[in-house]
Amino acid sequence: MDFPWYRSVGVDDDVSQGDILRDCPVVRAKVPDNMIGGTNTSIEGIITFVDGIVMTQACDLANKKVKNVVVCPVMRLNDFVLNNPDLCGGKLKDVVMSILGGKMPALMIINKPCENGISVDDYMIVDFRDIFSVPLDIIKSVVTNDGRICRLLPPYREAVSHAFANYFARVGLPSVIDKSILSNYVAGLASGDN
């Protein structure tokens, strides 16, 4: 079956999960040098602008259960390559295939928007390492000022949500089962030697 990845949205459409936003204002903390071990107890906030995807569940937004919206940064694949020369230099295809195959759980690649004249001309990388909580009123302002590019549709938005959850649900085990020992054990079971 062919499911479209995106749909166009207008300024009158409510904010929903999967909305891809342009120039969304987010607050980052600027920690002063004397904060650690010093006497300074104030932290300055810096407003920056990111392209992002709304991660808050559609049902929570539709039922007005949230005042803040979780947003993860998105960037065009070309920009990702330019901003990560150490990671991508000389092995771009391997890096992209690793992201696509889920081997880099902090990142996910989504298809290029290509329907209805949507204005993104490249594949996009969703980055789960930076997460922002943005007041819903600010998101609504971004949308009203034509800052929404498009909306990622089901089942793709659920796939992004699933990858986001998997990134945070990872468990680093102190040791793992040795595959060769287990394989030999299972072979022994199969032959009746154990």
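These remarks concern the structure in this document. (Residues numbered from 1 in each chain as written. Predicted model: local features only at pLDDT ≥ 70, side-chain atom pairs only at ≥ 80, totals over all residues. Heavy atoms only, no water.)

Looking at the pattern of salt bridges
Now for step 1: Scanning all chains against the criterion turns up 6 salt bridges.
Now for step 2: Note that arginine 28 and aspartate 130 form a salt bridge whose closest N and O atoms lie 3.5 Å from each other. Placement of the pair is arginine 28 in strand S2 (residues 19–30) and aspartate 130 in the loop between strand S6 (124–127) and strand S7 (132–135), with a sequence separation of 102 residues.
Now for step 3: Residues joined in a network through salt bridges with shared partners are Asp19, Arg148 and Arg151. (Salt bridge = Lys/Arg side-chain N within 4 Å of Asp/Glu carboxyl O. Helix = DSSP H or I, 4+ residues; strand = E, 2+ residues; numbered from the N terminus.)

Looking at the environment of serine 161
Now for step 1: Along the chain, serine 161 falls in helix H6 (residues 156–169).
Now for step 2: When the C-alpha atoms of serine 161 and threonine 56 are compared, they prove to be 8.8 Å apart, with 105 residues separating the residues in sequence.
Now for step 3: If near-sequence neighbours (up to four positions away) are discounted, serine 161 is found in contact with Gln17, Met55 and Gln57.
Now for step 4: A polar contact is formed between the side chain of serine 161 and the side chain of glutamine 57, at a distance of 3.3 Å. (Contact = heavy atoms within 4.5 Å. Polar contact = N/O pair within 3.5 Å; in protein donor to acceptor, adjacent residues only side chain to side chain.)

Description of unusual backbone geometry
Now for step 1: Here the residue pair proline 154 and proline 155 is connected by a cis peptide bond, since its omega of 0 degrees sits within 30 degrees of zero.
Now for step 2: The topology assignment puts proline 155 in the loop between strand S8 (148–152) and H6.
Now for step 3: One non-glycine residue, aspartate 23, lies in the positive phi region at around 55 degrees.
Now for step 4: As for its position among the elements, aspartate 23 is in strand S2.
Now for step 5: Classification of aspartate 23 by relative accessible area gives partly exposed; the value is 47%.
Now for step 6: Positive phi is not limited to glycine here, since lysine 64 has a value of about 55 degrees.
Now for step 7: Given a relative accessible area of 69%, lysine 64 falls into the exposed group. (Buried < 20%, exposed > 50% of the residue type's maximum accessible area, 1.4 Å probe, protein only.)

Regarding the pairing of strand S5 (residues 107–110)
Sheet faces and side chains relate simply in a regular strand, where the side chains alternate between the two faces.
Now for step 1: Burial of S5 is two-sided: the residues Leu107 and Ile109 facing one way and the residues Met108 and Ile110 facing the other way are all buried.
Now for step 2: As paired elements, S5 and S6 share 4 bridges and run antiparallel to each other. The partner of leucine 107 across the bridge, within S6, is aspartate 127. (Pairing = 2+ DSSP bridges.)

Some thoughts on the pairing of strand S3 (residues 44–54)
Now for step 1: Across 9 bridges, S2 lies against S3 in antiparallel orientation. Residue pairing across strands places valine 26 opposite threonine 48, the latter belonging to S3.

Here's the deal with the packing of aromatic side chains
Now for step 1: Evaluation of the coordinates by the stated rule reveals 6 aromatic pairs.
Now for step 2: Members of the aromatic cluster, joined through ring pairs, are Phe128, Phe164, Tyr167 and Phe168. (Phe/Tyr/Trp six-rings, centres within 6.5 Å; stacked < 30°, edge-to-face > 60°.)

With respect to the nonpolar core
Now for step 1: Formed by 20 residues in total, the largest nonpolar core has its most connected members in Ile20, Ile53, Val126, Phe128 and Val160.
Now for step 2: Breaking this core down by element, the ones donating at least two residues are strand S4 (68–76), S5, S6, S8 and H6.
Now for step 3: No other element matches the 5 residues that H6 contributes to this core.
Now for step 4: Setting aside anything within four residues of it in sequence, one finds valine 126 in contact with Ile53, Cys72, Pro73, Val74, Ala106, Leu107, Met108, Ile110 and Val160.
Now for step 5: Val15, Leu21, Val54 and Leu136 belong to the second-largest nonpolar core, a separate cluster that totals 15 residues. (Core = buried A, V, L, I, M, F, W, Y, C linked by side-chain atoms within 4.5 Å.)

What about helix H7 (residues 179–191)?
Now for step 1: The first and last C-alpha atoms of H7 sit 18 Å apart over 13 residues, in line with the 18 Å expected at 1.5 Å per residue.
Now for step 2: Two residues or fewer past H7, glycine 192 is found with a positive phi of approximately 85 degrees. (Expected span 1.5 Å × (residues − 1).)

Quick look at helix H5 (residues 136–144)
Three or four residues apart is the spacing at which side chains of an α-helix point the same way, because the helix has 3.6 residues per turn.
Now for step 1: All buried positions along H5 are accounted for by Leu136, Ile139, Val142 and Val143. Down the axis of H5, the buried side of the element spans an arc of 115 degrees, and every buried residue falls inside it. Opposite its buried face, H5 presents the exposed residues Asp137 and Thr144, each directed more than 90 degrees away.
Now for step 2: Buried-residue contacts for H5 involve S2, helix H1 (58–62), S4, S7 and S8.
Now for step 3: Following H5 by one or two positions, aspartate 146 has its phi on the positive side, about 60 degrees. (Arc of directions from axis to C-beta.)

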